[in-house]
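Residue strings, one per chain:
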Amino acid sequence: MEKNSLLKVKVVPNAPLLVEGTVELILSDGTTVVKENPHLCRCGASGNKPYCDGSHTKIGFRG
Ligand code: FES
C-alpha cells in the first residue's frame, strides 16, 4: 500500500465520515483491515463500529 497517497475525508452534516480512498484501519483488537471508501461512524450508535450502520438516522444524530 502506498503510504503517501492523499486521502479525503468528508464531514457531512448529520452523517458518518466519508473517507475517499483506500485505507488500512487498525481495529481495537489490533487487527488490520483494508477498506475502500469506508463510512466511519461519528455518532457512537453504530452496532458495527467503526463503520456506520445507519443508526445515526434512528437516533436523530445532529452534528
Ligand atoms: S454515523 Fe452512522 S451509525 Fe453512527
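Structure shown above.
(A) Fine view of the pattern of salt bridges. Applying the stated rule across the entire model yields one salt bridge. One salt bridge in this structure joins Glu-20 and Lys-10, with 3.2 Å as the shortest N-O distance. Taken together, the positions of Glu-20 in strand β2 (residues 17-20) and Lys-10 in strand β1 (residues 8-11) put the pair ten residues apart, joining distant regions of the chain. Residue Lys-10 is classed as partly exposed on the basis of its relative accessible area of 42%.

(B) Structural detail: empty space enclosed by the protein. Per the stated rule, a full pass over the model turns up one cavity of 30 Å³ or more. Put simply, the largest cavity is a space of about 40 Å³. In terms of lining, the largest cavity is formed by Ala-15, Pro-16, Cys-41, Arg-42, Cys-43, Ser-46, Cys-52, Asp-53, Ser-55, His-56 and Phe-61. Of the residues contributing to the lining of the largest cavity, the split by class is six nonpolar, three polar and two charged.

(C) Quick look at the environment of Leu-6. Counting through the fold element by element, Leu-6 comes out in the segment before β1. For Leu-6, a relative accessible area of 78% puts it in the exposed group. Distance from Leu-6 to Val-34, taken between C-alpha atoms, is 16 Å for residues 28 residues apart in sequence.

Conventions used here
Residues numbered from 1 in each chain as written. Predicted model: local features only at pLDDT ≥ 70, side-chain atom pairs only at ≥ 80, totals over all residues. Heavy atoms only, no water. Salt bridge = Lys/Arg side-chain N within 4 Å of Asp/Glu carboxyl O. Helix = DSSP H or I, 4+ residues; strand = E, 2+ residues; numbered from the N terminus. Buried < 20%, exposed > 50% of the residue type's maximum accessible area, 1.4 Å probe, protein only. 1 Å grid on protein atoms, 1.4 Å probe; cavity = no way out; pocket = protein on both sides within 12 Å on 5 of 7 lines; lining within 4 Å. Points joined across faces, edges and corners; volume = space filled by probe spheres on them. Nonpolar A, V, L, I, M, F, W, Y, C, P; charged D, E, K, R; others polar.

So far we have only geometry, and geometry alone does not tell us how the molecule works.
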